Amino acid sequence: MKRITLLLVAGILLTAITACTKKDAAVPVAEKKQESQGNKYHGESTDQGLATVKTPTADILKKHKLGGYPQKTVGEAFDSYSKAVAKEWQEDIAKDGRYFVDYICWLDEKAVLPAEKNAGVVKKGLDIKFVIQASGEAYISMATKLFLKADGKVQTEVIPLPNVPKIVEAIYNNRELDI
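Throughout, a residue's number is its position along its own chain's written sequence, starting from 1. Selection of residues for local features in this predicted model requires a pLDDT of at least 70, selection of side-chain atom pairs for listing and counting requires 80 or more, and totals for whole chains, interfaces and linings are taken over all residues. Water and hydrogen atoms play no part in the side-chain values, which are based on all heavy atoms of the structure.

Asker: How do you make sense of the packing of aromatic side chains when you look at a structure like this?
Answerer: When we look at a pair of aromatic rings, we describe it by the centre distance and by the angle of the planes. Working definition: rings of Phe, Tyr and Trp (its six-membered ring) pair if their centres are within 6.5 Å, and the pair is stacked with planes under 30 degrees apart, edge-to-face with planes over 60 apart, and tilted otherwise. Counted under the stated rule, the structure contains seven aromatic pairs. With a centroid separation of 5.5 Å and 75 degrees between ring planes, the pair formed by Phe78 and Phe130 is classed as edge-to-face. Of this pair, Phe78 sits in helix α4 (residues 74-79) while Phe130 sits in strand β3 (residues 121-132), placing them 52 residues apart in sequence. Assigned by exposure class, Phe78 and Phe130 land together as buried. What links up through ring pairs into an aromatic cluster is the set Tyr69, Phe78, Trp89, Tyr103, Phe130 and Tyr172. The helix and strand labels rest on DSSP assignments: H or I over at least four residues marks a helix, E over at least two residues marks a strand, and numbering proceeds from the N terminus. Note on classification: 1.4 Å probe, protein chains only; a residue is buried when its accessible area is under 20% of the maximum for its type, exposed when over 50%, partly exposed between these limits.

What follows is the structure, given as structure tokens:
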């Protein structure tokens, strides 16, 4: 039993070290410097516009139309959302072949409520996670509120799925988010 436990712990440590090494090797030098200046959430963009990183899966998603929103593609709606001061698309692939694309946006300072400011929140954002199945079907699997604190840490709060359509509706209609 001890041997199995030791092997399991060694495997976990090896996986963690390998994952960290691969991540650090893929981060350009300029990004490593920014990380040392404070903990940044992976979706926080340093510019005030769209991130310039090429994301082929996100580009495919942007051409799709969500069910219930035939008037605009995902890209037209989310990229033109004017209430966000910074936007970024990130993608990942799961072991089961599903693709995940995150739309991460940071809102104007006015979005931070007084009670949130008193709790040390300096910036508020949103992360909407899309899933793209191998069949090409795309849907939103979850949404998360992001709270950037004065110390550089990010707190997250999952938004219940029944509330997500109101957020999507606000983005498609370019209205203020109530998050």
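Asker: I would appreciate a short explanation of the sheet that holds strand β1 (residues 84-93) in the present structure.
Answerer: Picture the strands of a sheet paired through backbone hydrogen bonds; they go either parallel or antiparallel. Pairing between two strands is assigned when DSSP locates at least 2 bridges connecting them. Reading across from one edge, β1-β2-β3-β4-β5 is the order of the five strands in this open sheet, with antiparallel pairing throughout. At either end of the open sheet lies a strand with only one pairing partner, and these are β1 and β5 (154-159). Each adjacent strand pair in this sheet contributes to an overall mean axis angle of 20 degrees, direction not counted. As judged from the six bridges shared by strand β4 (residues 138-149) and β5, these two strands associate in the antiparallel manner. Paired with Leu146 across the bridge in β5 is Thr156. In this analysis, two residues are considered to be in contact whenever any of their non-hydrogen atoms come within 4.5 Å of each other. In this description, a line fitted to the C-alpha atoms serves as the axis of each element, helices being fitted only across the stretch in contact, and the angle between N-to-C directions of two axes falls anywhere from 0 to 180 degrees. Across the sheet, helix α6 (residues 164-172) touches β3, β4 and β5, and the angle it forms with β3 is around 100 degrees.

Asker: What's the story with the pairing of β1 in this structure? I'm lost.
Answerer: Within a regular beta strand, the side chains point alternately toward one face of the sheet and then the other, so they alternate between its two faces. Pairing of β1 with strand β2 (residues 99-107), which is carried by nine bridges, proceeds in the antiparallel orientation. Within β2, the residue paired with Asp92 across the bridge is Phe100. Remark: five residues form the turn of the hairpin made by β1 and β2, two consecutive strands paired antiparallel; Gly97 in that turn has positive phi of roughly 95 degrees.

Purely geometric numbers; function is a separate question.
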